[in-house]
Amino acid sequence: EQILLVSALRRLRTAHDPESALAALDDYAARFPSGVLAPEAARLRTEALLLLGRKGAALDELDKPSPDATPSSEERRVLRGELRASAGRWRAALEDFDSIVRGRSTEEAGAGATADARSRERLERALWGRASTRSHLGDDAGARADLRECLRRFPHGRFAVETARLLGEQP
């Protein structure tokens, strides 16, 4: 099981061959349909599909229940939200973005924890995604509130210039 997964990982990240990685992951799934490493295999499959530009197939993969039956990780939820939004599945995307933003607000209120860089990046993407999603759903007030929060928390972030422009403010 581990050998097949390591082979897929090397094909994907070292050889930069996502097609070959998918073949190895197909072999893994056929031989170990309930394998211990199935959650990692699912993550690698999604990564390979995205590298191939197959967003619909990647979204199908993310829409499946998590193989390890644990709540979805933040990265999985934000990515699924982004892909759902790009597919015009606004309400489903909003659920993903909401779960991250609300979860983070609860976490920060309870623990006052400082997030690591990747966690902050996921929150920034979730706020930006939720603002866009709310706008598409006609919730302009909610969208503006998310944009203001995104700019407040990430004044020099990835979306800061565009956020300031949308709000009519200087970056």
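Residue indices follow the written sequence of each chain, beginning from 1 at its first position. Two thresholds apply to this predicted model, a pLDDT of at least 70 for residue-level local features and 80 or more for giving and counting side-chain atom pairs, whereas whole-chain, interface and lining totals are computed over all residues. The side-chain numbers reported here are obtained from all heavy atoms of the structure, hydrogens and water having been left aside.

Asks: Go over the packing of helix 7 (residues 117-136) against helix 8 (residues 140-153), please, and point to the residues and values.
Replies: Two elements in contact, helix 7 and helix 8, have axes whose closest approach is 7 Å; the angle formed by their N-to-C orientations is 160°. What the angle tells us is that helix 7 and helix 8 run roughly antiparallel. Relative to helix 8, the crossing made by helix 7 is left-handed. Here Arg-120, Leu-123, Glu-124, Leu-127, Trp-128, Arg-130, Ala-131, Arg-134 and Ser-135 of helix 7 come into contact with helix 8, specifically with Asp-140, Gly-142, Ala-143, Asp-146, Leu-147, Glu-149, Cys-150 and Arg-153. Gly is put with the polar residues, along with every residue not named as nonpolar or charged; the nonpolar set is Ala, Val, Leu, Ile, Met, Phe, Trp, Tyr, Cys and Pro, and the charged set is Asp, Glu, Lys and Arg. Per-class residue counts for the contact of helix 7 with helix 8 are seven nonpolar, two polar and eight charged. Inter-axis angles, ranging from 0 to 180 degrees, are taken between N-to-C directions of lines fitted to C-alpha atoms, where helices are fitted over the stretch in contact. The secondary structure listing takes helices from DSSP runs of H or I that are at least 4 residues long and strands from runs of E that are at least 2 residues long, numbered from the N terminus. Should an angle fall under 35 degrees it is called roughly parallel, over 145 degrees roughly antiparallel, and 65 to 115 degrees roughly perpendicular, with every other angle called oblique. A clockwise turn of the near helix away from the far one marks a right-handed crossing, whereas an anticlockwise turn of less than a right angle marks a left-handed crossing. Any two residues whose heavy atoms approach within 4.5 Å are treated as being in contact.

Asks: Explain the pattern of salt bridges to me, using residue names and the numbers behind them.
Replies: One side-chain nitrogen of Lys or Arg within 4 Å of one carboxyl oxygen of Asp or Glu is enough to make a salt bridge. Enumeration over the complete set of coordinates arrives at 21 salt bridges. Measuring nitrogen to oxygen at the nearest pair gives 2.8 Å for the salt bridge that ties Arg-84 to Asp-63. Highlighted residues: Arg-84 in helix 5 (residues 74-86) and Asp-63 in helix 4 (residues 55-63), separated in sequence by 21 residues. Its relative accessible area of 28% is what places Asp-63 among the partly exposed residues. Salt-bridge contacts for Glu-149 lead to Arg-152; the nearest nitrogen and oxygen are separated by 2.7 Å. Of this pair, Glu-149 and Arg-152 are both found in helix 8, three residues apart, which corresponds to roughly one turn of the helix. Here the term buried applies to any residue with accessible area under 20% of the maximum for its type, exposed to any over 50%, and partly exposed to those in between, with areas from a 1.4 Å probe on protein chains only. According to the relative accessible area criterion, Glu-149 is partly exposed, its value standing at 23%. On the basis of relative accessibility, which here comes to 56%, the residue Arg-152 falls in the exposed class.

Asks: Which residues make up the packing of aromatic side chains, and what are the values?
Replies: Working definition: a ring pair exists when centres of Phe, Tyr or Trp rings (six-membered ring for Trp) sit within 6.5 Å. Plane angles under 30 degrees give stacked, over 60 give edge-to-face, the rest tilted. By the definition in use, this model includes two aromatic pairs. Consider the rings of Tyr-28 and Phe-32, whose centres lie 5.6 Å apart with planes at 35°: the pair is tilted. Judged by its relative accessible area of 2%, Tyr-28 falls in the buried class. On the accessibility criterion, Phe-32 (25% relative accessible area) is partly exposed.

Asks: Go over helix 7, please, and point to the residues and values.
Replies: The span expected for a helix works out to 1.5 Å for each residue beyond the first. Taking 1.5 Å per residue as the helical rise, helix 7 with its 20 residues ought to reach 28 Å, and the 29 Å between its terminal C-alpha atoms agrees with that figure. When we look at burial in helix 7, the residues that qualify are Ser-119, Arg-122, Leu-123, Glu-124, Arg-125, Ala-126, Leu-127, Gly-129, Arg-130, Ala-131, Thr-133 and Arg-134. Nitrogen and oxygen atoms within 3.5 Å of one another constitute a polar contact, given that in protein one can donate a hydrogen and the other can accept it, and given that sequence-neighbouring residues count only through two side-chain atoms. By the N-cap criterion, in which a side-chain oxygen at the helix start approaches the backbone nitrogen of a residue two or three places on, helix 7 is capped by Asp-116, the distance to Arg-118 being 3.3 Å.

Asks: Requested: an account of the nonpolar core, with residues and values cited.
Replies: Soluble globular proteins tend to bury their nonpolar side chains together. Counting residues in hydrophobic clusters, the biggest one holds 19 residues, and the most contacted among them are Leu-25 and Leu-83. For this core, the elements supplying multiple residues, two or more each, are helix 1 (2-14), helix 2 (18-31), helix 3 (38-51), helix 4 and helix 5. In this structure, Leu-83 is in contact with Leu-50, Lys-55, Ala-58, Leu-59 and Leu-62, ignoring residues within four places of it in sequence. By size, the runner-up hydrophobic cluster in this structure holds 11 residues, among which are Val-78, Ala-85, Val-101 and Ala-126. Buried residues of nine kinds, namely Ala, Val, Leu, Ile, Met, Phe, Trp, Tyr and Cys, make up a nonpolar core once their side-chain atoms join them within 4.5 Å.

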